[in-house]
Amino acid sequence: MAAVSVPEAVAAPEAVSVPEAAGAPGGPARAHRLGPVALVVAGGLSVQFGSALAVLLMPRAGALGVVTLRLVLAAAVLLIVCRPKVRGYGRADWGTVVAFGTAMAGMNILFYQAADRIPLGAAVTLEVLGPLALSVVASRRLVNLLWAGLALGGVVLLSGGGFDRLDPVGAAFALAAGAMWATYIVFSARTGRRFPQADGLALAMAFGAVLSLPLGLAEAGDKLFVPSTIGLGLAVALMSSVLPYTLELLALRRLPAPTFAILMSLEPAIAATAGFLLLSQALAVTDALAIALVIAASMGAVRTQMKRAEAPAQV
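Residues numbered from 1 in each chain as written. Predicted model: local features only at pLDDT ≥ 70, side-chain atom pairs only at ≥ 80, totals over all residues. Heavy atoms only, no water.

(A) Fine view of the nonpolar core. Counting residues in hydrophobic clusters, the biggest one holds 82 residues, and the most contacted among them are Phe-111, Tyr-112, Tyr-184, Ile-185, Leu-201 and Met-205. Ranked by the residues each element gives to this core, the list is headed by helix α2 (residues 28-82), at 18 residues. (Core = buried A, V, L, I, M, F, W, Y, C linked by side-chain atoms within 4.5 Å. Buried < 20%, exposed > 50% of the residue type's maximum accessible area, 1.4 Å probe, protein only. Helix = DSSP H or I, 4+ residues; strand = E, 2+ residues; numbered from the N terminus.)

Written out as structure tokens, the structure is:
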């Protein structure tokens, strides 16, 4: 059953871009296909700099408190803006929302536990192994194995060979967050197809917030209600949840999930940069080569997807 469900879950509605592929190579068709890629990159920049801000907030509210602030405030913003309808959906639709919200909450809880113990760049480096594994499992094209392998090489190099010196508990949390990240990608794609605009995201975010709220209250208590903490939490929510998750949901409607998953290999490079700029976490000399590898892998994956989209128009 799993072998059948993975391709179904991650297959993006590529047919949307096929008719436009008949245009000139440098015209609107190319821009249309590059649009989802730009959304993914913008989302990555937002979420990683938001994560760096969240690390600065952890001494005030704790890791679980930060997760709760992020999800609760993000859910409030999305519910106010989207005002999603709750009628007219079936059991499968709600099951998708519950799974998406659970994956979202689990991914955030596990990641912030990791970021509280190991450097941000290393945490995201380990976490991104989940999407990379998804890209290998879900892809039906052999060339995507090459791009995933190249990205994995960059991910390993970005670690500086220092995974053995990391807090093992923090590393385990990061790997578990990666598994939840892969699940998030699958159910984000499904939610985007079942619900209009960002309605499904708003409902899933609300469910994830409910799951995290008891944990945050248990750890942080009344610290969550300090005005300055709420203000920083709102900034984290907007940068790390509202904006990137909305952009990713829109991207996954037009971008195959294996390609999206490989693009996630950019996240360690962005995280390392954010950690350097905001948290004074030093970058090693080898990081430049590592970043080049993951960017090359992402560019290769995008070019492969674009050629695949152009192929029907050339027949």
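(B) Molecular detail of empty space enclosed by the protein. Inspection of every chain in the model, using the stated rule, returns two cavities of 30 Å³ or more. Volume-wise, the largest cavity comes out at about 170 Å³. Along the walls of the largest cavity sit 13 residues, with Val-47, Gln-48, Arg-70, Met-107 and Glu-127 positioned nearest its centre. Mapped onto the lining of the largest cavity, the elements with two or more residues apiece are α2, α3 (91-115), α4 (120-127) and α9 (227-251). The leading source of residues in the lining of the largest cavity is α2, at four residues. The residue makeup of the lining of the largest cavity, split by class, is six nonpolar, three polar and four charged. (1 Å grid on protein atoms, 1.4 Å probe; cavity = no way out; pocket = protein on both sides within 12 Å on 5 of 7 lines; lining within 4 Å. Points joined across faces, edges and corners; volume = space filled by probe spheres on them. Nonpolar A, V, L, I, M, F, W, Y, C, P; charged D, E, K, R; others polar.)

(C) Representation of the side chain of Thr-191 in the model. Mapping Thr-191 onto the fold places it in helix α7 (residues 168-194). A distance of 2.7 Å separates a polar atom in the side chain of Thr-191 from the backbone oxygen of Phe-187. Ignoring any residue separated from it by four or fewer positions in sequence, one finds Thr-191 in contact with Thr-96, Phe-100, Gly-200 and Leu-201. (Polar contact = N/O pair within 3.5 Å; in protein donor to acceptor, adjacent residues only side chain to side chain. Contact = heavy atoms within 4.5 Å.)

(D) Layout of helix α8 (residues 199-220). The end-to-end C-alpha distance of α8, which contains 22 residues, comes to 30 Å, matching closely the 32 Å that a straight helix rising 1.5 Å per residue would cover. The largest bend in α8 is about 35°, located at Ser-212, with the proline Pro-214 one to four residues further on. Within two residues after α8, Gly-221 carries a phi angle of roughly 60°, on the positive side. (Expected span 1.5 Å × (residues − 1). Bend = angle between axes of the 7 residues up to and from the residue.)

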